[in-house]
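Here are the chains, one letter per residue:
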Amino acid sequence: MRAADQVSGRGWVNSYSTEVRLEDVDAVRPVAMHLAVHRRGLGPVYTLVALDLDASRGGRAQVDADEARLRALLLSAGVPVVVATSGPSGGRHLWTACPAGLGPHLVARLARAAEQLCPSLDIAPLLNPRTGCVRPPGAAHREGGHSVLADDDVDTAVRVLQRGATPAAFARLAHALEGLARAAGLLPEPLAGGSEDGVPASITARGPVQRAIVTDRQSLRLDVPRRSLGPAALHALAYRPRQDEDHSALVHCRARSLALAGGTLADLQLLVRDRAAAPSLEWLRTARSVTGNRAPLDEREADRRIKRVWYLAVQDAARMPRGSEQGSRGYDEVLADVADLLARAAAAGTARWTRPSGPSDLAALHALAHLMLMAGTTEVTADCRRVGVLMGRSHETANRALRRIAADGWITVLEEADLYQGTGRRITLAAGHVCTGESGHACAVATTEEAAPAMDLRAAVGDRIVLQQGDIWHRIGHHARRTLLAVEDQVVATTEQLLSLSPYSPRTALRHLVRLAELGLVEQDKAGRWRRTDRTLAQAARAARVLGRTADLAVRTLVDQAVTAWWAAHVEWSRLDRAAKRRIGPRPGADQGVLPGADPTARAYPQIAETAADGRVTLRADHQRAWAIEAERLGAAGLWHRAVHLQDQDQVVDPSQLHLVDLTG
């Protein structure tokens, strides 16, 4: 039997799954069963809920007992189930479905309650709506064998899962599971005044969850890198509230900041016990008495209050917009953080930045500093193509540089890029790292005694970006840029002085000076002293006939981003079943013009028909034609002239800002 008949041929696996065939056993991989995923503009997606009973959690006897219990509860709630074995170890997969779609909160409630009643249940896939996956019936198991339907044939299983159950049936199931778990003392009572999952409307009104919530040994926490609290958060903890202030609101804000920093319930409990360090958390220690003063809470009430505050803080923090970790800190603190980054880069010494990869790594740090200053936060999206343009390098070079400085401890990668979600790599400043000791590794400078002055920092970083974007460096080498900076710093200096100050060998530094002089960027007076001329980098590049490389990179970035979004939309459309495609209707042709405000990715992606030797015709994506179509739609020639105009004006070439450039002035 082909797994494809069970997985994708019958339409009961969602559009984000991939087809699996047993003819290619080595290529068989787990199929992603994304729960409560929503397609852009198409509403809720058909939801599969797979209950994974793992034999490694108690053995086969525990799996059999948990299967019988869950089957009875599912059927009593009106939720039909399809059972499949999971490889040779004796595990089971209980497949259920909801054609109308389920929200992640309801699935999480169901999973957490079922986990308390059934020790063999692995709820990790159920708590990860984005990438949680379970092997479908027919897929190979890593220990040998395949997942096989236990009771039903393929057609019966498909009909059962196509019919599925209503959201109300799953809500009844979650309510029954929670009731049994609470009766056994395995779950706490729900919080008063909240919704059915304990989250009040004041928090759910923020919108959907933006950050994943995971469970540690004690309680919930955000799945974000742990970092130190910023100065603003520490200052807020040290604030002593007045008697007439809303103590609970103050406590909630402080706990939310701790959650956004990757803290845990244990961290909050430590702060509560330290009255001197966190006087603003007084509401978690005392309660208002009849005399108007505050009396100590009894231990049980204090523990209940702390756990409730932490639960609400995590739920609130998970829904806050991206960048809010830094957004509340103020732009002055962002300036201070960026100034500190640049000061630490300077303190790393010339040996770090003059090695073969040094200029690229330093250029990447300055590009990230520019993005942070523009965004007003130290958590930014570092798209390799945009960073590459700011560096004056290709996106491949930018990608390697970002990975090097992340490994060295300058930055932390919060989230990798996702092609089909249209998201770039999210990074922030690193609070520390583990030294690898590998060849080429150079630990970042963690602290420095003096920070660079924050005044006019944006202008200083902008000047550095303009310098590293100079097209002339692709002719004479990027290391010559440091020699030019040395001449500018000294204003006027003799050859001997420059050679003594240069981090390069005298021969290399002298070669840089000669090349810079040939391009008219530096000159030597009659006394033999070197100085910077008034000639700009753009003028030197034009004279050397290399002007336009950075402009090319910027335009290619914009076109590549448009083509990538178009291709991702085409892949998403291709994964739809026939009924969904009929509901959408025919797509416009690839060459059809896009009206203002319309979605350019709604067009059919260009394809080439290829005829095989047996006469079968297959379609292959024509990426080259797609690139040409998008280049024409975006006006690549005009964008290139705008980028060159910015270079002539000694301004930063940023792909995201090219459409704002005015060529008439």
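Just so we're clear, the structure is a prediction, and the values are computed from it rather than from any experiment.

**A look at the side chain of Gln-315**
Part 1 of the argument: Counting through the fold element by element, Gln-315 comes out in helix H10 (residues 299-319).
Part 2 of the argument: With a relative accessible area of 7%, Gln-315 lands in the buried category.
Part 3 of the argument: Every residue in contact with Gln-315, bar those within four places of it in the chain, is listed here: Val-199, Ile-203, Ile-213 and Leu-220.

**Overview of the sheet that holds strand E5 (residues 91-98)**
The strands making up a sheet associate through backbone hydrogen bonding, with each pair oriented either parallel or antiparallel.
Part 1 of the argument: Reading across the sheet, the four strands line up as E4-E5-E3-E6 and stay open at both edges, with antiparallel pairing between neighbours. Each having just a single partner strand, strand E4 (82-86) and strand E6 (121-122) make up the two edges of the open sheet.
Part 2 of the argument: Across five bridges, the pairing between E4 and E5 is antiparallel. Note that in E5 the partner of Ala-84 across the bridge is His-93.
Part 3 of the argument: Sheet contacts for helix H2 (residues 59-76): strand E3 (47-53), E4 and E5; angle to E5, the most-contacted strand, approximately 15 degrees.

**Overview of empty space enclosed by the protein**
Part 1 of the argument: Scanning the model with the defined rule gives five cavities of 30 Å³ or more in all.
Part 2 of the argument: What the largest cavity holds in volume is close to 90 Å³.
Part 3 of the argument: If you trace the largest cavity, you find it lined by Val-466, Gln-469, Gly-470, Asp-471, Leu-537, Ala-538, Ala-541, Leu-547, Gln-647, Asp-650, Gln-651 and Val-653.
Part 4 of the argument: Among the elements that take part in the lining of the largest cavity, helix H22 (residues 537-543) stands out by supplying three residues, more than any other.
Part 5 of the argument: Residue classes in the lining of the largest cavity are distributed as six nonpolar, four polar and two charged.
Part 6 of the argument: Taken as a whole, the second largest cavity holds about 70 Å³ of empty space.
Part 7 of the argument: Every residue lining the second largest cavity is listed: Trp-353, Pro-359, Leu-362, Ala-363, His-366, Arg-464, Gln-468, Arg-481, Arg-482 and Leu-485.
Part 8 of the argument: Taken together, the elements giving at least two residues each to the lining of the second largest cavity come down to helix H14 (358-375), helix H17 (457-468) and helix H19 (480-490).

**Structural notes on the layout of surface pockets**
The rolling of a water-molecule-sized probe over the atoms marks out the regions of remaining empty space.
Part 1 of the argument: Taken as a whole, the second largest pocket encloses approximately 980 Å³ of empty space.
Part 2 of the argument: Lining the second largest pocket are 32 residues, and of these His-366, Arg-464, Leu-467, Leu-485 and Asp-489 sit closest to its centre.
Part 3 of the argument: Of all the secondary-structure elements, those providing two or more residues to the lining of the second largest pocket are helix H12 (331-347), helix H13 (350-354), H14, H17 and H19.
Part 4 of the argument: Of the residues in the lining of the second largest pocket, the class split is 18 nonpolar, seven polar and seven charged.

**Regarding the pattern of salt bridges**
Part 1 of the argument: Applying the stated criterion across every chain, the model contains 29 salt bridges.
Part 2 of the argument: With a shortest N-O distance of 2.9 Å, Arg-352 and Asp-408 are connected by a salt bridge. Of this pair, Arg-352 sits in helix H13 while Asp-408 sits in helix H16 (residues 395-408), placing them 56 residues apart in sequence. The same class applies to Arg-352 and to Asp-408, which are both buried.
Part 3 of the argument: Connected via shared salt-bridge partners are Arg-352, Arg-355, Asp-361, Arg-404 and Asp-408.

**Side note on the sheet that holds strand E14 (residues 492-494)**
Part 1 of the argument: Here we have three strands laid out as an open sheet, ordered E14-E16-E15, and antiparallel in their pairing. One side of each edge strand has no neighbouring strand; the edge strands of this open sheet are E14 and strand E15 (522-524). Each neighbouring strand pair of the sheet contributes to a mean axis angle of 30 degrees, computed without reference to strand direction.
Part 2 of the argument: In the sheet, E14 pairs with strand E16 (residues 529-532) via three bridges, with the strands oriented antiparallel. Each bridged residue has a counterpart across the sheet, and for Ala-493 the counterpart in E16 is Trp-530.
Part 3 of the argument: Packing of H19 onto the sheet brings it into contact with E14, E15 and E16, and relative to E16 it is tilted by some 100 degrees.

**What to know about the packing of helix H3 (residues 104-117) against helix H5 (residues 167-183)**
Part 1 of the argument: In contact at an axis separation of 8 Å, H3 and H5 are set at 35 degrees when each is read in the N-to-C sense. As for the relative orientation of H3 and H5, their crossing is left-handed in sense. Contacts between H3 and H5 involve Leu-106, Arg-109, Leu-110, Ala-113, Ala-114, Gln-116 and Leu-117 from the former and Pro-167, Phe-170, Ala-171, Leu-173, Ala-174, His-175, Leu-177, Glu-178, Leu-180 and Ala-181 from the latter.
Part 2 of the argument: Split into classes, the residues belonging to the contact of H3 with H5 amount to 13 nonpolar, two polar and two charged.

**Re the environment of Asp-463**
Part 1 of the argument: Along the chain, the position of Asp-463 falls in helix H17.
Part 2 of the argument: By relative accessible area, Asp-463 is classed as exposed at 54%.

Definitions and limits used
Residues numbered from 1 in each chain as written. Predicted model: local features only at pLDDT ≥ 70, side-chain atom pairs only at ≥ 80, totals over all residues. Heavy atoms only, no water. Helix = DSSP H or I, 4+ residues; strand = E, 2+ residues; numbered from the N terminus. Buried < 20%, exposed > 50% of the residue type's maximum accessible area, 1.4 Å probe, protein only. Contact = heavy atoms within 4.5 Å. Pairing = 2+ DSSP bridges. Axes fitted to C-alpha atoms, helices over the stretch in contact; angles between N-to-C directions. 1 Å grid on protein atoms, 1.4 Å probe; cavity = no way out; pocket = protein on both sides within 12 Å on 5 of 7 lines; lining within 4 Å. Points joined across faces, edges and corners; volume = space filled by probe spheres on them. Nonpolar A, V, L, I, M, F, W, Y, C, P; charged D, E, K, R; others polar. Salt bridge = Lys/Arg side-chain N within 4 Å of Asp/Glu carboxyl O. Left-handed = near helix turned anticlockwise from the far one by under 90°.

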